[in-house]
Number of protein chains: 2
Amino acid sequence: MATRGTRKKTADKPRYHHGDLRRALLDASLALISEEGFGALSLREVARRAGVTHAAPYRHFPDKEALLAAVAEEGFRAMTARMKERMVRETTPDGRLLACGVAYVLFAMEHPAHFRVMFGPHFSHPPDLGEAGGDTDSFGLLVGSLAEAQRAGMVREGDTQPLALSCWSMVHGLASLLVDGLLARSGITTVAQAEALAEQTVRVLLHGLARSTSD
Amino acid sequence: MATRGTRKKTADKPRYHHGDLRRALLDASLALISEEGFGALSLREVARRAGVTHAAPYRHFPDKEALLAAVAEEGFRAMTARMKERMVRETTPDGRLLACGVAYVLFAMEHPAHFRVMFGPHFSHPPDLGEAGGDTDSFGLLVGSLAEAQRAGMVREGDTQPLALSCWSMVHGLASLLVDGLLARSGITTVAQAEALAEQTVRVLLHGLARSTSD
DNA sequence: CCTACCGATCGGTAGG
DNA sequence: CCTACCGATCGGTAGG
């Protein structure tokens, strides 16, 4: 009994009686998904990892879907930022278009948990990719740079929308295969390898977009 | 009490005391995923839908992952068959390559639950896409027709493998976006629309593959 | 943000 | 292929 009342020997559970529990919950969610896969994500396990009781998250998110929505929104914001970051360095329309696509794939490789939440089939309604022009409007960046490339004569004329869907499909497919580990047996495991493949792949697509297929 | 002992008024639960429970379990899994999403899939609910006790499935599958593996394998077999079916109608190398890609997308649209299980992040190990030349080797079909197109001079020379990854990414991305409903707001909802988009998209890619980007 | 509690569901097994 | 059972986990709420 002599030791009763002294500091507990295990103070290993950080507590969040301050303002950053929300952040801690988001981080815990991402770590959990990365380590155990999406199926392992539960509000209770997230709370556990964040060092709080399983009732605490409800102070910040009304339910599980709200937590995921917050993760997804953060992901779209980060992805859009990543795309802009690489695009502004470029000086040509097709350079920007290429950068746009490569950044999409890089984001997925660097933030697989975010990517899974953003595009996984977890929501009742598929996510809206952000208001036009907003800082989550990654699709808008693609459409914009594609239209610019059209005006510059580097991409065939015609309705921009279906062409944008082709571009999106290309990078989304590559990103998905990478995140799900399906290209590992083809030897693509590092970010550098993924970037090289993305560049090559998007270049092929841009080349295909340059002129009408009936040429 | 007069009615006691007579036929129960609800005989609505079909029983599988014959040989087709395995098939029924696979079908129930697919229906469940289609209707409620992948997250709703549990062995117990599958058993319920198949009209058996939750212990019955263990007679056919050692665990949940084994059930999913069976669904996935069936999916790869069906997808490969779908691709072959469309490819044999074609008389040119690039026709076969196009058919190969379009069939991939069509399969996903027609069998979204299969597609989700095949490529969803549900397995400890990502699925092997089948032994080379086997009836689940869809990737082999792609590589084969791509190599054929190269020999015919319709696709640039060089290592076939990375080019095949570009093709796979393209159709896999389109299929994924379609299955997850992300192209619905772009107005692509029917199989016919998806097929048209897939054709256009793969044509763009083939055009890009025709010659070196440095031409 | 915590304790204590609810009903529900789950994967899996024993034993027949 | 069924009944009966196990321990575990879950989402969510009451009440403080």
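Trainee: Lay out the confidence of the model for chain A in plain terms, naming residues and giving numbers.
Mentor: Low pLDDT marks stretches whose predicted atomic positions should not be read closely. Per-residue confidence for chain A averages 88 on the pLDDT scale, and 85% of its residues sit at or above 70. In this model, residues 1-13 of chain A is a region of pLDDT below 50 whose contacts with residues beyond four sequence positions or in other chains number 0 contacts.

Trainee: Provide a residue-level description of the domain arrangement of chain A, including the pertinent values.
Mentor: All names here are of chain A. Its domain assignment divides chain A into domain 1 (15-62) and domain 2 (69-215). Once you take the C-alpha centre of each, domain 1 and domain 2 turn out to be 30 Å apart. Contacts between the two partners involve 9 residues from domain 1 and, on the opposite side, 8 residues from domain 2. When domain 1 packs against domain 2, the two sides together hide about 730 Å² of surface, and 76% of this comes from carbon and sulfur. The tally of links from domain 1 across to domain 2 stands at 1 salt bridge.

Trainee: Can you break down the relation of the copies chain B and chain A residue by residue, with the values?
Mentor: For these two chains of identical sequence, chain B goes onto chain A by a turn of 180 degrees and a shift of 0.0 Å along the axis, with RMSD 0.0 Å. Taken together, the rotation and translation relating the two chain copies correspond to the operation of a two-fold axis. When you check the interface residues of chain B against chain A, 100% turn up at the interface there too, and the contact is symmetric in its surfaces.

Trainee: If you had to explain the interface of chain B and chain A to someone new, which residues and values would you point to?
Mentor: Often the size quoted for an interface is simply the accessible area lost on bringing the parts together. Taken together, the contacts link 39 residues of chain B with 39 residues of chain A. Buried area between chain B and chain A, both sides added, is near 3,300 Å², and the carbon and sulfur share of it is 68%. For chain B, the biggest contributors to the area lost against chain A are L182, V204 and H207 of chain B; these three give 17% of the whole. Taken together, the connections running from chain B to chain A amount to 0 salt bridges. Counting the contacts that link chain B with chain A gives 4 residue pairs in polar contact (both at pLDDT 80 or more). Sorting the residues of the side of chain B that touches chain A by element identifies helix 5 (112-119), helix 7 (160-179) and helix 8 (191-210) of chain B as the ones contributing at least two each. A class-by-class count of the residues in the side of chain B that touches chain A yields 18 nonpolar, 14 polar and 7 charged.

Scoring rules and cut-offs
- Residues numbered from 1 in each chain as written.
- Chains lettered and ligands numbered in written order.
- Predicted model: local features only at pLDDT ≥ 70, side-chain atom pairs only at ≥ 80, totals over all residues.
- Heavy atoms only, no water.
- pLDDT = per-residue confidence, 0-100.
- Contact = heavy atoms within 4.5 Å.
- Domains from an automatic or database assignment.
- Buried area = accessible area lost by both parts, 1.4 Å probe.
- Salt bridge = Lys/Arg side-chain N within 4 Å of Asp/Glu carboxyl O.
- Least-squares fit on C-alpha atoms with pLDDT ≥ 70 in both.
- Polar contact = N/O pair within 3.5 Å; in protein donor to acceptor, adjacent residues only side chain to side chain.
- Helix = DSSP H or I, 4+ residues; strand = E, 2+ residues; numbered from the N terminus.
- Nonpolar A, V, L, I, M, F, W, Y, C, P; charged D, E, K, R; others polar.

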